[in-house]
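If you want the building blocks of each chain, they are given just below.
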Amino acid sequence: MQTRVPRYNYAAQFGPEVDRMMADLRRMIVEGAYILTDKVAQFESSFASLCGCRFAVGVNTGTDALILALRSLEIGPGAQVITQANTFNATVAAIVCVGAEAVLVDAEEDTFLIDQVQVTAALSNKTAAVIPVHLYGKPTPLDDLTTIARRKGFHIVEDAAQAHGAIFKGRPVGSCGSLACFSFHPSKNLAAAGDAGAVVTNDEHLATHLKRDRALGQEEQNHHLSAGLNSKLDAIQAAILLWKLPHLRKWNLRRNAVAGWYRERLADLPLHFQRTSPDELHAYHLFQIRTDKRDELLSCLRAKGIDAVIRYPVPIHLQPAFRSYGWRAGQFPVAERLARELLALPIRPDMDVWEVDYVSECIREFFLGRHR
Ligand SMILES: *Cc1c(COP(=O)(O)O)cnc(C)c1O
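Presented here is a report on the structure given in the accompanying data block. Just so it is clear, the structure is predicted and the values come from calculations on it, not from any experiment.

**Describing the pairing of strand E9 (residues 197–201)**
So, step 1. Among the five residues that make up E9, five are buried, leaving the element largely enclosed by the rest of the structure.
So, step 2. The alternating pattern of E9 places Gly197, Val199 and Thr201 on one face and Ala198 and Val200 on the opposite face, and all of these are buried.
So, step 3. When strand E1 (residues 55–59) meets E9, the two strands line up antiparallel, connected through five bridges. If you follow glycine 58 over to E9, its bridge partner there is alanine 198.
So, step 4. Alignment of strand E8 (residues 179–183) against E9, held across four bridges, turns out to be antiparallel. Within E9, the residue paired with alanine 180 across the bridge is valine 200.

Following this line, the structure appears as structure tokens:
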């Protein structure tokens with residue numbers, strides 16, 4: 001039988017608690033406890049404290065979290081929002097959805113994070129927000145940008161969809177911006193059993209706005225203050241997330257251990273890694289290796305049962321969805337190189353050292369030309 005190294009193991013995430021969790025879900029389903037129940041409130045308050053924030057507002061998806069966050073800041077037509085060309089599509093789709101103009105800047109060659117020198121150069125009197133993405137789980141240092149934001153009067157909205165529990169200089173990701181947006185999509189470090197998301201903030205006024213806006217602008221029953229969305233965190237998803245949340249820190253530490261094993265075993269090969277810093281706890285949503293032989297390496301690994309994937313093969317400025325912006329190939333060269341050269345290897349908190357040995361050995365054979 002072929003060896004397989006998968007990217008996800010949901011059974012391992014639930015562990016032996018699965019039966020007790022199912023009893024909990026069964027009770028909720030039979031009792032009809034579905035919408036904005038105490039489970040949702042409990043999860044929101046636990047997740048807010050993990051992020052070092054006063055408030056969390058549970059919503060339907062990470063994309064909706066971004067849309068609702070921008071709406072709470074009253075960002076819409078006429079406003080510009082700056083983000084990076086190498087992010088996941090949802091960051092930019094959210095900006096377009098609220099009617100604002102997306103302004104792209106390139107990424108840094110070694111951290112893959114937003115290039116803050118380019119952000120400063122891209123600021124205009126229309127800049128309403130900057131969305132730095134804690135990409136692949138690496139926290140973006142926000143000290144300087146926060147100072148500039150305060151002086152110039154724009155907001156920082158953190159896209160933390162890949163970085164639950166990441167820490168920079170002792171501060172949890174999500175606590176630096178005006179707002180931060182999380183996704184609990186099944187692929188993420190903290191995974192629901194379906195779609196789910198949240199916005200966190202320290203601003204009570206924004207939290208109140210978000211709570212109203214996720215529920216059709218309803219202040220109380222039959223009294224709608226604004227035309228809102230209907231995007232609430234599902235109570236069943238909240239219950240599942242509550243079961244998993246206490247394990248998140250341990251899981252992130254295990255992801256760091258796995259990343260360390262990979263780095264050790266691959267150190268002498270012609271590869272590059274995302275640069276790390278001693279000031280951070282990386283969440284390692286993805287473990288990326290960088291090589292100009294990426295496509296050949298990917299087919300070689302997949303043929304050996306290793307679930308490596310490309311995240312993301314097409315940068316934002318070359319996506320048909322944003323054609324009307326008139327962005328051109330060559331405009332964000334770092335993002336384009338990363339799109340051509342990055343390969344995400346399987347990384348899971350439950351991963352065994354033999355799996356890392358196997359993946360690393362296959363990569364070594366590939367580079368030594370013995371992969372046939
Ligand atoms: C997953 C993700 C999102 C969107 O989250 P969904 O829950 O899938 O809508 C947004 N931004 C980034 C960087 C992501 O990785």
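**Side note on helix H7 (residues 143–152)**
Working note: α-helix, 3.6 residues per turn, so residues spaced by three or four point in the same direction.
So, step 1. All buried positions along H7 are accounted for by Leu145, Thr146, Ile148 and Ala149. One side of H7 carries all its buried residues, which in axial view fall inside an arc of 165°. Along H7, exposed side chains directed more than 90 degrees from the buried face belong to Asp144, Arg150 and Arg151.
So, step 2. On the buried face of H7, the contacting elements are helix H6 (116–122), strand E4 (127–131) and strand E5 (155–159).
So, step 3. Backbone geometry just downstream of H7 places glycine 153 in the positive-phi region, at approximately 80°.

**Some words on the packing of helix H11 (residues 294–303) against helix H13 (residues 353–367)**
So, step 1. Look at H11 against H13: their axes get within 10 Å of each other, and the N-to-C directions meet at 130°. Relative to H13, the element H11 lies oblique. The handedness of the crossing between H11 and H13 comes out as right-handed. Here H11 contributes Glu296, Leu297, Cys300 and Leu301 to the contact with H13, which in turn contributes Cys362, Ile363, Phe366 and Phe367.
So, step 2. Tallied by class, the residues present in the contact of H11 with H13 amount to seven nonpolar, no polar and one charged.

**Here's the deal with the sheet that holds strand E15 (residues 342–345)**
Adjacent strands of a sheet form backbone hydrogen bonds with each other and so pair up, either parallel or antiparallel.
So, step 1. Taken in spatial order, the three strands make up an open sheet running E12-E14-E15, and their pairing is antiparallel. Each edge of the open sheet is held by one strand with a lone partner, namely strand E12 (272–273) and E15.
So, step 2. As paired strands, E12 and strand E14 (residues 287–290) are joined by two bridges and run antiparallel to one another. Residue histidine 272 lies in a different strand from E14, and its bridge partner there is arginine 290.
So, step 3. Its contacts with the sheet place helix H10 (residues 248–266) against E12, E14 and E15, and it is angled at close to 20° to E14.
So, step 4. Sheet strands touched by H11: E14 and E15. Its angle to E15, the strand with the most contacts, is close to 25°.

**Examining the site of the ligand**
So, step 1. Near the ligand lie 13 residues; those nearest to it are Gly62, Thr63, Asp159, Ser183 and Lys188.
So, step 2. A distance of 2.7 Å separates an oxygen atom of the ligand from a polar atom in the backbone of glycine 62.
So, step 3. Within the side chain of lysine 188, an N or O atom sits 2.6 Å from an oxygen atom of the ligand.
So, step 4. Here the ligand, which alone exposes 380 Å², has 93% of that area covered by the protein.
So, step 5. If you list the elements that add at least two residues to the shell around the ligand, you get helix H4 (62–72) and helix H5 (89–97).

Here is what the cut-offs are and how they apply
Residues numbered from 1 in each chain as written. Predicted model: local features only at pLDDT ≥ 70, side-chain atom pairs only at ≥ 80, totals over all residues. Heavy atoms only, no water. Buried < 20%, exposed > 50% of the residue type's maximum accessible area, 1.4 Å probe, protein only. Helix = DSSP H or I, 4+ residues; strand = E, 2+ residues; numbered from the N terminus. Pairing = 2+ DSSP bridges. Arc of directions from axis to C-beta. Contact = heavy atoms within 4.5 Å. Axes fitted to C-alpha atoms, helices over the stretch in contact; angles between N-to-C directions. Parallel < 35°, antiparallel > 145°, perpendicular 65-115°, else oblique. Left-handed = near helix turned anticlockwise from the far one by under 90°. Nonpolar A, V, L, I, M, F, W, Y, C, P; charged D, E, K, R; others polar. Near = heavy atom within 4 Å. Polar contact = N/O pair within 3.5 Å; in protein donor to acceptor, adjacent residues only side chain to side chain. Areas by Shrake-Rupley, 256 points an atom, 1.4 Å probe, with all protein chains shown as cover.

Don't take any of this as a statement about function, it's just geometry.
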